[in-house]
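Analysis of the macromolecular model
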Amino acid sequence: MPDALRAATLLAFDYGAQRTGIAVGQTVTNSARALTTLTAVDGEPDWRTIEHLIDEWRPDVLLVGLPVSDDGTETAQCDAARAFATQLTHFGPPVQLIDEHLTSNEASSRLREARASGARKRQVKKGDIDAVSAVIIAEQWLMQRDVQQLG
């Protein structure tokens, strides 16, 4: 079945040394939503919960944000994100790195707008930003996929 017709599920990760935001997306509606933000335990990602989420959602692809700088060069955190992505390969689905340039800024902006409009009642926390950043990573992949299919 051609990719354009095949439904696919993805999990996107906004990896950080302290917190990892996770979102789920799918190609049928070309949309993504925040799932959770996991807190690192003793400097390690919460692999047990990550494994549970992968088992639950059965994604076709795993996406990891690569925190490049404004000019596109790699930052010090890129090595950690790559190591996290390498660990994810052990769960089976293919892993892709996605440029997450400015996702935290965009996530903060989206959360502020939701709060100002009344769509969001509680205060924005750092973990919220991580989860919404993962949504943006998923949305970027979905948009790139659409452009590739058109081209």
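Residues numbered from 1 in each chain as written. Predicted model: local features only at pLDDT ≥ 70, side-chain atom pairs only at ≥ 80, totals over all residues. Heavy atoms only, no water.

1. Digging into the nonpolar core
Within the largest apolar cluster, 18 residues are counted, with the highest numbers of intra-cluster contacts made by Leu11, Phe13, Ile22, Ile50, Val64, Phe84 and Leu88. Mapped by element, the contributors of at least two residues to this core are β1 (9-14), β2 (19-26), α1 (47-57), β4 (61-66) and α2 (77-88). If you look at the next biggest cluster of nonpolar residues, it comprises 13 residues, including Leu10, Ala32, Ile137 and Trp141. (Core = buried A, V, L, I, M, F, W, Y, C linked by side-chain atoms within 4.5 Å. Buried < 20%, exposed > 50% of the residue type's maximum accessible area, 1.4 Å probe, protein only. Helix = DSSP H or I, 4+ residues; strand = E, 2+ residues; numbered from the N terminus.)

2. Points about α2
The end-to-end C-alpha distance of α2, which contains twelve residues, comes to 17 Å, matching closely the 16 Å that a straight helix rising 1.5 Å per residue would cover. Every buried residue belonging to α2 is among Cys78, Ala81, Phe84, Ala85 and Leu88, and all of these are buried. Viewed end-on, α2 has its buried residues packed into an arc of 120°, placing them on one side of the element. Packing partners of the buried residues in α2 comprise β1, β2, α1, β4 and β5 (95-99). (Expected span 1.5 Å × (residues − 1). Arc of directions from axis to C-beta. Contact = heavy atoms within 4.5 Å.)

3. With respect to the packing of α1 against α2
Look at α1 against α2: their axes get within 12 Å of each other, and the N-to-C directions meet at 55°. Of the possible angle classes, the one that applies to α1 and α2 is oblique. The way α1 lies across α2 gives a crossing that is right-handed. Note on element contacts: α2 touches α1 through Phe84, Gln87 and Leu88, opposite Trp47, Ile50 and Ile54. (Axes fitted to C-alpha atoms, helices over the stretch in contact; angles between N-to-C directions. Parallel < 35°, antiparallel > 145°, perpendicular 65-115°, else oblique. Left-handed = near helix turned anticlockwise from the far one by under 90°.)

4. Some words on the pattern of salt bridges
Under the criterion given, the structure shown has two salt bridges. Two residues, Glu74 and Arg82, come together in a salt bridge whose shortest N-O distance is 2.2 Å. Judged by relative accessible area, Glu74 falls into the partly exposed class, the value being 43%. (Salt bridge = Lys/Arg side-chain N within 4 Å of Asp/Glu carboxyl O.)

5. A closer look at the sheet that holds β5
Strand order in the open sheet formed by five strands is β3-β2-β1-β4-β5, with mixed pairing between adjacent strands. Here the strands that pair on one side only, and so sit at the sheet edges, are β3 (31-39) and β5. On average, each strand axis in the sheet is tilted by 25° relative to the strand beside it, whichever way the strands run. Pairing analysis gives five bridges linking β4 to β5, with the strands arranged parallel. In the strand pairing of β5, Val64 is matched with Leu97. (Pairing = 2+ DSSP bridges.)

6. A look at the packing of aromatic side chains
Under the defined criterion, the tally for this structure stands at four aromatic pairs. Seen from their ring centres, Phe13 and Phe84 are 5.6 Å apart, and the 65° between their planes marks the pair as edge-to-face. Taken as a pair, Phe13 in strand β1 and Phe84 in helix α2 lie far apart in primary sequence, 71 residues in all. No difference in accessibility class separates Phe13 from Phe84, as the two residues are buried. Judged by relative accessible area, Phe84 falls into the buried class, the value being 2%. Among the aromatic side chains, those forming a connected cluster through ring pairs are Phe13, Tyr15, Trp47, Phe84 and Phe91. (Phe/Tyr/Trp six-rings, centres within 6.5 Å; stacked < 30°, edge-to-face > 60°.)

7. Focus on unusual backbone geometry
Positioned with a positive phi, Asn30 is a non-glycine residue whose angle comes to about 55°. Position of Asn30 relative to the elements: it lies in the loop between β2 and β3. Phi at Asp42 takes a positive value of approximately 55°, unusual for a residue other than glycine. Summarising the element assignment, Asp42 is placed in the loop between β3 and α1.

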